[in-house]
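Coordinates in review
So the chains spell out like this:
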Amino acid sequence: MRALVVDDSRAMRALLTNILQSIGAEVTQAKDGCDALARLRSADRLPDLMLVDWHMPEMDGLELIKQVRKDPAWKPMTVMMVTTESEQENMVRALLAGADEYLIKPFTRDAVLEKLNLLGVHVPEQALAALTGG
Amino acid sequence: MTLTAREEDTFPFFQDYIFAKSAIVLTEEKRYLVETRLAPVVQQANLSCLGDLMRALLRGDRQLETAVVDAMTTNETSWFRDKSPFEALRDHVLAERMTANSGRRALSIWSAACSTGQEPYSVAMILEAHFPELSFWNVEILATDLAAGALARARQGRFSALEINRGLPAAHLLQYFSREGAHFQINDSLKRRVLFQQLNLAQTWPVIPPQDVILLRNVLIYFDAPTRQRVLAGVRANLRPGGFLLLGAAETTRELVGGFVPISVAGTTVYQLKEN
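Residues numbered from 1 in each chain as written. Chains lettered and ligands numbered in written order. Predicted model: local features only at pLDDT ≥ 70, side-chain atom pairs only at ≥ 80, totals over all residues. Heavy atoms only, no water.

1. Here we look at the packing of helix 2 (residues 31-44) of chain B against helix 4 (residues 62-73) of chain B
All names here are of chain B. Two elements in contact, helix 2 and helix 4, have axes whose closest approach is 9 Å; the angle formed by their N-to-C orientations is 135°. By the criterion of interaxial angle, the relationship of helix 2 to helix 4 is oblique. In this structure, helix 2 crosses over helix 4, and the sense of that crossing is right-handed. Residues L33, V34, R37, L38 and V41 of helix 2 form the contact with helix 4, whose participating residues are L64, A67, V68, A71 and M72. (Axes fitted to C-alpha atoms, helices over the stretch in contact; angles between N-to-C directions. Helix = DSSP H or I, 4+ residues; strand = E, 2+ residues; numbered from the N terminus. Parallel < 35°, antiparallel > 145°, perpendicular 65-115°, else oblique. Left-handed = near helix turned anticlockwise from the far one by under 90°. Contact = heavy atoms within 4.5 Å.)

What follows is the structure in structure tokens.
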């Protein structure tokens, strides 16, 4: 699985990259919406998954998702917004813009894997079996 | 605070105590669990160590007993946990029971270890989203747990963002919850569908109406073999012929008493009690 992590925080990019690599994903990173679009345009192969922060310089996550959804070639890509924005009206905006899912920061590793599983992104069975919860 | 600073080893006491109160078996490798789960109880009761907590329990402190049982039995849990059992419920189990019950238009579902409510509420969401015709039926979702604290939270239906993040689709969050400060409150329409009751699976059960579906997920793993057998016999006795049992993904079915037929559906296995 190929994933693109878009976040202006280096620490957040590292954390999400780590989680995705732990389930065998090949991860690239972008520091804002413009950077992400440039990487998508020059990529040999489209990522299967894009995780997008909301507030970023240059181009924010909402605009990035709108741009990505305009291009039919990028349609197969699964997009999840990962943000501190937890107002429901913002979730609606993200979903209307074309996000497939929404994850509120802060999150646990388990929460990321569960959302990916919901989205039909392949998560190895061992990783799912190790999820905590009663 | 170092709970284990004193020489006394309280683990054997808590092993016996937790077993006596809940039938949960704590093996040596669960030692950490006693320390991590009971540290907040020790702190909140203004005690200094696990030894003090042990002595208070030996004196028969009922409030601490409840706190200890709650702390040892409550887990952070997720919505639609493991995904596939809920797909099986949606795509096969409910449709089959609705056909079987179409004459009397009644359906009973029991979430037997519901913790803070994510499981029965997930079931309620499936009913509301996929089976609108059931609004003309008498549908009862019974949700029970041993832990009073977890049940109180389940009844309240208020969840933190961290809890909401655990496997709940964003579309469901928008449809069935409203934001209240830092929390998300489940809608009354879903709350009304679920009846929460305290029940200790390891002890004698109260009278439970016959069920069409029993979710007994991720609880048998905590019990010893005799308790597991007793609980499974109870499940069988409380399930309608043709009804379904859903177990946790990692749970063994070797001890499943006779009469159940395993059915593979949606990438999981559900167990149907044979018709008489």
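2. A short note on the interface of chain B and chain A
Counting from both sides, the interface comprises 22 residues of chain B and, opposite them, 24 residues of chain A. Counting each side, the surface lost to burial between chain B and chain A is near 2,000 Å², with a carbon and sulfur contribution of 52%. Between the two partners, chain B and chain A, sit three salt bridges. E114 of chain A is the salt-bridge partner of R166 of chain B, the closest N and O atoms lying 2.7 Å from each other. Elements represented by at least two residues in the side of chain B that touches chain A include exactly helix 8 (161-164), helix 9 (170-176) and strand 4 (177-180) of chain B. A per-element tally of the side of chain B that touches chain A places helix 9 of chain B first, with four residues. Split into classes, the residues belonging to the side of chain B that touches chain A amount to ten nonpolar, seven polar and five charged. (Buried area = accessible area lost by both parts, 1.4 Å probe. Salt bridge = Lys/Arg side-chain N within 4 Å of Asp/Glu carboxyl O. Nonpolar A, V, L, I, M, F, W, Y, C, P; charged D, E, K, R; others polar.)

3. Re helix 7 (residues 148-156) of chain B
All names here are of chain B. Turning to helix 7, its buried residues are A150, L151 and A154. Here the buried residues of helix 7 occupy an arc of 100° about the axis, which is enough to place them on one side. Along its buried surface, helix 7 packs onto helix 4, helix 6 (118-130), strand 2 (138-145) and strand 6 (194-198). Just downstream of helix 7, G157 is the residue with a positive phi angle, here 70°. (Buried < 20%, exposed > 50% of the residue type's maximum accessible area, 1.4 Å probe, protein only. Arc of directions from axis to C-beta.)

4. Here we look at the sheet that holds strand 4 (residues 78-83) of chain A
Residues and elements named next belong to chain A. Strand order in the open sheet formed by five strands is 2-1-3-4-5, with parallel pairing between adjacent strands. Each edge of the open sheet is held by one strand with a lone partner, namely strand 2 (26-30) and strand 5 (101-104). Between one strand axis and the next, the sheet turns through 20° on average, direction left out of account. Across five bridges, strand 1 (residues 2-6) lies against strand 2 in parallel orientation. Across the sheet, the residue bridging to V6 is A30, located in strand 2. Its contacts with the sheet put helix 4 (residues 88-97) on strand 4 and strand 5, and the angle it makes with strand 5 is roughly 145°. (Pairing = 2+ DSSP bridges.)

5. Some words on the side chain of T144 of chain B
Residue and element names in this part refer to chain B. Topologically, T144 is positioned in strand 2. With relative accessibility at 1%, the residue T144 sits in the buried group. Among the polar contacts made by the side chain of T144, one reaches the main-chain carbonyl oxygen of A112 at a distance of 3.2 Å. Once residues lying within four places of it in the same chain are set aside, the contact partners of T144 are W110, S111, A112, A113, C114, L151, Q197 and L199. (Polar contact = N/O pair within 3.5 Å; in protein donor to acceptor, adjacent residues only side chain to side chain.)

6. Comments concerning the pattern of salt bridges
The final tally for this structure, using the stated rule, is 22 salt bridges over all chains. Taking the shortest distance from any N to any O, the salt bridge between R179 of chain B and E87 of chain A comes out at 3.5 Å. Taken together, the positions of R179 of chain B in strand 4 and E87 of chain A in the loop between strand 4 and helix 4 put the pair across two chains. Look at R179 of chain B and you get partly exposed, because its relative accessible area is 25%. A salt bridge links E28 of chain B to R31 of chain B, with the nearest nitrogen and oxygen atoms 2.7 Å apart. Residue classification places E28 of chain B among the partly exposed residues on the basis of a relative accessible area of 46%.

7. Side note on the environment of P12 of chain B
Along the chain, the position of P12 of chain B falls in helix 1 (residues 11-22). Relative accessible area serves as the criterion here: at 36%, P12 of chain B is assigned to the partly exposed category.

8. Describing the sheet that holds strand 7 (residues 211-216) of chain B
Residue and element names in this part refer to chain B. Across the sheet, which stays open at both edges, the seven strands sit in the order 6-2-1-7-8-10-9 with mixed pairing between neighbours. Two strands in the sheet have a free side with no partner beyond their single neighbour: strand 6 and strand 9 (260-265). Taken pair by pair, the neighbouring strands of this sheet meet at an average axis angle of 20°, ignoring direction. Sheet topology note: the strand 1 (residues 106-111)/strand 7 ladder contains three bridges and is parallel. Paired with I109 across the bridge in strand 7 is V213. Along the sheet, helix 11 (residues 225-238) makes contact with strand 7, strand 8 (239-247), strand 9 and strand 10 (268-273), crossing strand 8 at roughly 140°.

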